Amino acid sequence: MSNYIPLFLMLVIAFGFGAIMANLSKWIGPKKPTKEKLSTYESGMEPIGTTRDRISIKYYIVAMLFIIFDIEIVFLYPWAVTFDKIGVFALGEMFLFLALLFIGYIYILKKGALQWD
Amino acid sequence: MSFFLLDSGIPTAELTKFVNFSMGKFIPELILTAGFLFAIVLDLLIKDKNAKKLVGYFAFIVLAAAFAMSWDQLAYFHGEMKDIPKWAGGKMIFPYSQTLPAPQLISPSEGFFAPFSMVVVDNLSVIFKMIISLAGMFVVGMSLLSREVEDRGRRNGEFFSLLLAMTLGMFLMPASMDLLMMYISLELVSITSYIMAGFMKDSPRSTEASMKYVLFGAFSSGLMIYGFSILYGLTGSTNIMAIKAVLETQFLSGSVNTVALTVAVILSLVGMGYKISAAPFHFWTPDVYEGAPIPVTALLSVASKAGGFGLLMRFLFFAIPSNAQTMQPYFNWPIILAIMSALTMTLGNFAALRQSNVKRMLAYSTIAHAGYMMVALVSVGAFQRLIGQDPGSPSNAGITAILIYLISYLFTNLGAFYVIMLIANKINSEEIEDYKGFAKRSPLLAVSLSLFLVSLTGIPLTVGFIGKFYIFIAILKQPQYLWLVVVMALNSVVSLYYYVRVMQSMFIKQADAQTAPLLGEMEIQADGTLRYSMMSKIFIFVFLIPTILFGIYFTPLVDFAGNAIRFF
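Along each chain, the written sequence defines residue order, and numbers are assigned to residues from 1. Labels are handed out in written order, letters beginning with A for the chains and numbers beginning with 1 for the ligands. Local features in this predicted model are restricted to residues of pLDDT 70 or higher, and side-chain atom pairs are both shown and tallied only at a pLDDT of 80 or more, whereas totals for entire chains, interfaces and linings draw on every residue.

## Notes on the overall build of chain A
For clarity, the threshold we go by: In this text, helices come from DSSP runs of H or I with a minimum length of four residues, and strands from runs of E with a minimum of two, each type numbered from the N-terminal end. C-alpha atoms define the radius of gyration, and 2.2 Å times the number of residues to the power 0.38 defines the globule rule. Residue burial is a threshold on neighbouring C-beta atoms within 10 Å of the residue's own C-beta, all placed from the backbone, with 20 or more meaning buried, 12 or fewer meaning exposed, and counts in between meaning partly exposed.
What chain A contains, in helices and strands, is four helices and zero strands. N-terminal to C-terminal, the α/β element order of chain A is α-α-α-α. Taking 2.2 N^0.38 as the reference for a compact globule, 117 residues should give roughly 13 Å; the C-alpha atoms of chain A span a radius of gyration of 26 Å, well beyond that estimate. The buried share of chain A, taken over its 117 residues, is 0%.

## A short note on the environment of B:Gly227
Residues and elements named next belong to chain B. Take Gly227: it is sitting in helix H9 (residues 204-235). With 21 C-beta atoms packed within 10 Å, Gly227 lands in the buried category. On a C-alpha basis, the gap between Gly227 and Ile27 in space is 32 Å, while along the polypeptide they are 200 residues apart.

## Comments concerning the interface of chain A and chain B
Just so we agree on the cut-off: A pair of residues counts as a contact when their C-beta atoms, built from backbone coordinates, are within 7 Å of each other. All residues other than Ala, Val, Leu, Ile, Met, Phe, Trp, Tyr, Cys, Pro, Asp, Glu, Lys and Arg, Gly among them, are scored as polar; the first ten of these are nonpolar and the last four charged.
Counting residues at the interface gives four residues for chain A and five residues for chain B. Looking at the side of chain A that touches chain B residue by residue, the classes come out as three nonpolar, no polar and one charged.

## A closer look at the packing of helix H14 (residues 333-352) of chain B against helix H15 (residues 358-381) of chain B
Residue and element names in this part refer to chain B. To keep things clear, this is the line we draw: Convention adopted: a line fitted to C-alpha atoms gives each axis, helices being fitted over their contacting stretch, and angles between N-to-C directions are expressed from 0 to 180 degrees. In what follows, roughly perpendicular refers to angles from 65 to 115 degrees, roughly parallel to angles under 35, roughly antiparallel to angles over 145, and oblique to any angle outside these ranges. In this scheme, a crossing is called left-handed if the near helix is turned counterclockwise away from the far one by less than a right angle; it is called right-handed if the turn is clockwise.
For the pair H14 and H15, the least separation of the axes is 7 Å and the interaxial angle reads 160°. By the angle between their directions, the pair H14 and H15 is classed as roughly antiparallel. The two elements H14 and H15 cross, and the hand of that crossing is left-handed. Looking at the contact of H14 with H15 residue by residue, the class counts come to 19 nonpolar, seven polar and no charged.

## Side note on the nonpolar core
The condition that has to hold: Only buried Ala, Val, Leu, Ile, Met, Phe, Trp, Tyr and Cys residues enter a nonpolar core, and they are joined through C-beta atoms within 7 Å.
Among the nonpolar cores identified, the biggest contains 183 residues, and B:Ala59, B:Ile131 and B:Ala135 are the most heavily contacted of them. Residues contacting B:Ile131, with those up to four places away along its chain left out, are B:Ala306, B:Leu406, B:Ile407 and B:Leu410.

## Here we look at the environment of B:Pro174
Residue and element names in this part refer to chain B. Mapped onto the fold, Pro174 is located in the loop between helix H7 (156-172) and helix H8 (179-197). Overall, Pro174 belongs to the buried group, with 28 C-beta atoms counted inside 10 Å. Separated by 135 residues in sequence, Pro174 and Phe309 have C-alpha atoms that sit 7.5 Å apart. Other than its neighbours up to four places away in sequence, Pro174 contacts Leu124, Ser125, Phe128, Gly307, Gly310, Leu311 and Arg314.

## A look at the confidence of the model for chain B
Going by this rule: The quantity known as pLDDT measures the predictor's confidence residue by residue, on a range of 0 to 100.
Confidence in the prediction of chain B, expressed as mean pLDDT, is 84, and 83% of residues score 70 or more. For this predicted complex, the interface confidence comes out at an ipTM of 0.73, alongside a pTM of 0.86.

## Some points on the confidence of the model for chain A
Detailed reading of the predicted coordinates is not advisable wherever pLDDT falls low. Across chain A, the average pLDDT comes to 86, with 99% of residues at 70 or higher. Looking across chain A, the model is least confident in helix H2 (residues 35-38) of chain A, with a mean pLDDT of 81, and most confident in helix H1 (residues 5-28) of chain A, with 92.

## Considerations on H1(A)
Residues and elements named next belong to chain A. Note the following rule: The span expected for a helix works out to 1.5 Å for each residue beyond the first. The angle between axes fitted to the seven residues ending at a residue and the seven residues starting there is what we call the bend at that residue.
Taking 1.5 Å per residue as the helical rise, H1 with its 24 residues ought to reach 34 Å, and the 33 Å between its terminal C-alpha atoms agrees with that figure. Maximal helix bending in H1 amounts to about 30°, located at Ala22. Among the 24 residues of H1, zero are classified as buried, and the element is accordingly described as predominantly exposed.

## Brief notes about the packing of helix H11 (residues 258-275) of chain B against helix H13 (residues 294-319) of chain B
Residues and elements named next belong to chain B. Where H11 meets H13, the axes come as close as 8 Å, and the angle between the chain directions of the two elements is 155°. The angle between H11 and H13 falls in the class roughly antiparallel. Here H11 runs over H13; the crossing is left-handed. Between H11, through Ser268, Met272 and Lys275, and H13, the contact on the second element is made entirely by Ser304, Gly308, Leu311, Leu312 and Phe315. Of the residues belonging to the contact of H11 with H13, the class tally is four nonpolar, three polar and one charged.

## Remarks on unusual backbone geometry
For residues other than glycine, phi is negative in most cases, and the peptide bonds are mostly trans. All names here are of chain B. Look at the link from Ala279 to Pro280: it is a cis peptide, with omega at 0°. One can find Pro280 in the loop between H11 and helix H12 (284-291). Positive phi, normally seen in glycine, also occurs at Ser277, with a value near 45°. Tracing the chain through its elements places Ser277 in the loop between H11 and H12. Its identity is not glycine, yet Leu461 carries a phi of approximately 75°, on the positive side.

## Things to note about helix H19 (residues 463-476) of chain B
Residues and elements named next belong to chain B. If you check H19, its first and last C-alpha atoms are 20 Å apart, about what 14 residues at 1.5 Å a residue would give, namely 20 Å. Counting buried positions along H19 yields ten of 14 residues, so the element is predominantly enclosed. Along H19, the residues that are buried comprise Val463, Gly464, Phe465, Ile466, Gly467, Lys468, Tyr470, Ile471, Ala474 and Ile475.

## Some words on the environment of B:Asn563
Residues and elements named next belong to chain B. In this structure, Asn563 sits in the segment after helix H22 (555-562). Exposure remark for Asn563: the 17 C-beta atoms within 10 Å place this residue in the partly exposed category. Separated by 347 residues in sequence, Asn563 and Phe216 have C-alpha atoms that sit 35 Å apart. Setting aside its immediate chain neighbours within four residues, Asn563 contacts Leu74, Asn123 and Ile127.

Structure (structure tokens):
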């Protein structure tokens with residue numbers, strides 16, 4: 001157990017240092033706010049309304065489908081990198097995978113999952 | 001083709017032969033996959049909502065084909081195995097892990113590895129597949145007659161295609177030889193069951209069931225994969241045969257990390273215990289069973305539980321090594337399981353006593369039955385090494401007992417749920433109070449439900465008795481677990497009370513003013529009985545005949561289940 005004491009100390013110091021540094025400028029720094037200083041930084045947009053806005057529940061299905069097809073792309077990268085090593089077999093496998101996803105795509109399209117109303 | 005196979009030094013041509021050969025042993029699963037894909041396309045093609053039932057008929061055919069192909073695999077092990085590649089010298093290649101230097105050769109007499117050694121085809125998994133596909137076929141039949149499903153005709157296509165996907169997951173569960181495959185198959189079953197439990201989107205009860213199921217399922221599968229990750233950290237492999245080999249050397253050299261191993265096994269048990277609804281991971285069961293449409297409840301209570309038991313057996317028998325001298329597992333999982341099973345059956349039975357809803361009562365009763373089946377698993381664990389070597393050994397008795405019980409449970413429990421569904425179709429209620437005087441409304445249904453309940457209790461001359469009897473025999477061979485026999489016997493007595501309460505309501509109590517309005521006016525015939533279609537009456541006998549027949553003439557059942565002892 002005594003082996004872990006340095007680790008524990010390190011943890012305490014790390015958290016303490018972080019907390020102090022983050023707040024130090026707030027505590028001792030001079031504060032002279034002007035209208036310009038408080039406005040959105042350079043290329044930022046003027047905020048409209050609150051960030052905790054309500055989002056239509058229908059959006060969840062779009063988000064979910066996005067993740068599915070996003071992962072499809074993620075799969076393609078390692079496949080493309082190692083393609084020269086695994087050859088035709090992998091080509092067939094990947095096309096099978098894409099075909100299965102394509103059936104899924106047709107399914108969501110036909111079921112009207114992508115229609116907003 | 002996996003990389004370590006390519007790196008193994010075996011010529012590519014031979015490997016291709018091996019892959020083709022093992023692919024051929026994967027046909028039932030391939031049928032289900034193709035069937036699922038075709039079913040969702042079929043669902044798109046059918047526009048008329050009354051014609052969506054066609055997907056159901058199609059699903060039935062696919063399941064029947066999967067059943068037939070599994071049967072064929074079973075027959076294959078009995079016949080001469082002719083198509084074993086000659087190059088292997090009558091031995092199958094066994095590419096088991098990256099951590100071990102070369103692929104090992106093992107005897108093919110008891111099983112085969114399907115693609116990439118992720119799943120195994122042996123008698124045990126084949127029998128599980130047969131039980132599961134049979135349950136799937138029955139549930140498709142039930143769904144076609146169910147009003148809950150029929151009323152939502154527009155989405156019937158989804159229902160049946162999801163059922164096929166779920167069956168695929170359940171096929172893979174008892175056959176998994178790799179932690180990743182175990183997790184994926186479990187999730188495939190779980191995710192489809194969440195959707196199916198919430199199939200009646202318009203009913204708050206069903207939606208609530210689905211939500212609770214998702215939360216519980218996500219939590220327990222999270223814990224399970226955490227346990228798997230620790231196990232991987234301890235052994236450096238995800239293949240359970242390799243895990244066993246590594247753990248064995250660690251135990252022999254005394255370098256095993258007992259604390260980490262205990263944590264890993266217990267965490268893994270959470271996920272599997274949740275699937276078979278073993279206490280203390282059973283809390284989702286009553287709510288989900290009550291809220292889900294009755295065919296789905298029936299499927300969850302039989303097929304998904306069978307898959308869970310298959311997975312649990314694979315994991316415990318294959319991943320945990322046992323001492324060659326004492327035949328005891330190095331890691332004493334039987335005692336953990338014994339405590340869990342005592343807890344499960346006691347809790348299930350005592351909670352069932354107070355239920356007023358039949359579905360909820362049967363949910364608690366399925367928890368109790370999971371407890372009984374775990375007793376058989378305990379009896380196997382105590383003498384692990386003797387599996388398959390000596391026909392009379394205690395562990396073989398245990399494996400046979402689990403399968404006999406699952407088969408008996410398949411007919412009895414599905415039958416009970418089917419009759420409850422038929423009753424609910426007419427009176428739109430599952431309360432025991434509303435069953436008052438039902439024997440007059442439909443004598444056939446009342447008598448058959450009583451027979452199913454009698455069989456669930458385990459009274460002689462029904463198949464339920466045979467199941468329990470064999471579990472008793474199995475556990476009696478283990479002197480240190482005699483207390484479990486006492487717990488089980490006492491629990492059987494308790495269970496009689498709540499099963500009889502339903503019969504009492506149907507036969508002894510009279511229908512009063514309260515129960516009458518529940519019936520639709522045109523449903524009652526001139527003589528006061530309810531009108532049921534010929535088809536739905538005939539379908540009762542599909543469950544009733546085996547329940548009685550196997551209760552009297554049980555040799556074929558025992559012989560069939562006895563096949564399972566010949567596995568890896």
